[in-house]
Amino acid sequence: MKYLKYAVIASLLIGNVEAAGPMGMIPNPMKMGMPDPMNMMHDLMNRTFDVNDADSQLMMDEAMKMAEQGNVMEFPWTRYAIAYVNSGDPAAGAKAHKKLKCHKCHGNEGIGEDDDSPSVAGQISAYTFKQLYDYKVGLRKDKDMQKKVRKMTAKQMADVSAYYASLQREEKIKSDTIPHLAKNGDRSRFLFACEKCHNEKSMKRGLQTPIIEGQKIGYMTDTMMAFKEGDRENDHYRVMAKIAGKLSDEEIEALAEYYAAKPADDEDEDEDDDD
Ligand code: HEC
Ligand code: HEC
C-alpha cells in the first residue's frame, strides 16, 4: 500500500522505530548511536506537508482499528499523524470538552480545582494527543481516563488537543534558585538536566515533550513517582522512566515544587512569596 511505504520512510526519519508490526523490523537508530530522532522533528511540526487529508485519515483509522483489536503499538509519529493532530479544531474541541464532561476534573479552562488532576491548559497539542491515544490503547493506565477516552474519536482527540493548546497555562510558582538537577543534571548519575528537554526551544522540536511548568504539584509528584516505579510506562524509549528511576523521592518532590503551579490551598498569599 502506498501510504504504508511512506509511513515506513517517515518512521525512519522521525523515529517510530520501536513500534510493533511491520515497522518493528527496523533497527532503533538511537541504539546505533545516531542523533535523537525527537530532535529531527523540529521542522516537521511547522512544515506544511504534501500529505493529503485522506491519507492522514486513513493512517489514523488504521492506528485506531489496530488499537481496538488490541494490537497495541506505540503512537505512530509519522508525518500523517502530525498532519492529523495539526488539523484539530479548537472550537470543536471546546464543545467536546464540555460534552464529554472533561471539565469536571480539568476545569472549564483546562485547570482543575484539585491538585491531583493535571492541568491541560497551554499544553503542546501533540503531547496531549499522544496521551489520549496512550490511554485509549492502554499504554498509559488510569481507570477514569481510560473509560473517558474509550468513546472518543480520533477527531475529538485532535480537536480537544488543539483547544487545550489554545488555553492560558497557570504560572509556575516563583523561585530565586533553580535546582541543580533542573539546570545542570548530574553527570555522575548520567542524568540530563530537565531543561535540556523541557525547555521551550526543544519542546517545539520534540513534539511529545510536555510543558511541565505550572503543572499541578500533586499530579506532578505522582506521575514522576509512577515513572520511577514503573506504573507509567508510555514514554518512548523509556526516557522519563530512566531519569525518574535515578531520582530519590526527595529530589522528585523538590523538582515538583520548583516547576509546579502554586498549590491550590495557598491561592491567597500572592504578593510576597519571597522564597
Ligand atoms: C474523573 C476526573 C477526570 C475526568 C472526567 C477527565 N479526566 Fe483527564 N485526567 C484525570 C486524571 C486524574 C489524570 C491523571 C491520570 C494519570 O495519572 O494517568 C488525567 C489525565 C489526563 C491527560 C494527561 C495529561 C498529562 O499532562 O499527561 C489528558 C490529556 C486528559 N486527562 C484529558 C481529558 C479529557 C479530554 C477528558 C474528557 C474526555 C478528561 N481528561 C476527563 C482526571 C479526569
Ligand atoms: C531526554 C529528554 C527529557 C529529559 C532530560 C527530562 N524529560 Fe521529562 N519528559 C520527557 C518526555 C519525552 C516526556 C513525555 C513522556 C510521554 O510521552 O508520556 C516527559 C514527561 C515528563 C513529565 C510528565 C508531564 C505530564 O504532564 O504528565 C514530567 C513531570 C517530567 N517529564 C519531568 C521531568 C523532570 C523533573 C526532569 C529532570 C529531572 C525531566 N523530566 C527530564 C523528556 C525528558
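Further up the page is the structure itself.
First, a word on what this report is: a plain description of the structure on this page. Predicted model only: the values in this text are computed from it and were never measured.

Description of the site of ligand 1
And then number 1: Around ligand 1, the surrounding shell holds 22 residues, and the nearest of these are Leu100, Cys102, Cys105, Pro118 and Asp142.
And then number 2: Put simply, the parts of the chain that give the shell around ligand 1 at least two residues each are α6 (103-106), α7 (125-137) and α8 (143-150).
And then number 3: Broken down by class, the residue content of the shell around ligand 1 amounts to 10 nonpolar, 5 polar and 7 charged.

Regarding the environment of Ile212
And then number 1: Its place among the elements puts Ile212 in the loop between α12 (200-205) and α13 (217-229).
And then number 2: The class of Ile212 is buried, set by 21 C-beta atoms lying within 10 Å.
And then number 3: Contact partners of Ile212, with chain neighbours within four places excluded, come to His198, Met220 and Tyr259.

Some words on helix α9 (residues 154-166)
And then number 1: Counted at 1.5 Å a residue, the expected span for α9 with its 13 residues is 18 Å, and the 19 Å between its end C-alpha atoms agrees.
And then number 2: Counting buried positions over the 13 residues of α9 gives 11, a clear majority of the element.
And then number 3: Within α9 the residues assigned to the buried category are Ala154, Gln156, Met157, Ala158, Asp159, Val160, Ser161, Ala162, Tyr163, Tyr164 and Ala165.
And then number 4: Buried positions along α9 lie against α3 (53-68), α4 (79-86), α5 (90-99) and α7.

The rules behind the values
- Residues numbered from 1 in each chain as written.
- Chains lettered and ligands numbered in written order.
- Predicted model: local features only at pLDDT ≥ 70, side-chain atom pairs only at ≥ 80, totals over all residues.
- Near = placed C-beta within 6 Å.
- Helix = DSSP H or I, 4+ residues; strand = E, 2+ residues; numbered from the N terminus.
- Nonpolar A, V, L, I, M, F, W, Y, C, P; charged D, E, K, R; others polar.
- Buried ≥ 20, exposed ≤ 12 C-beta atoms within 10 Å, placed from the backbone.
- Contact = placed C-beta atoms within 7 Å.
- Expected span 1.5 Å × (residues − 1).

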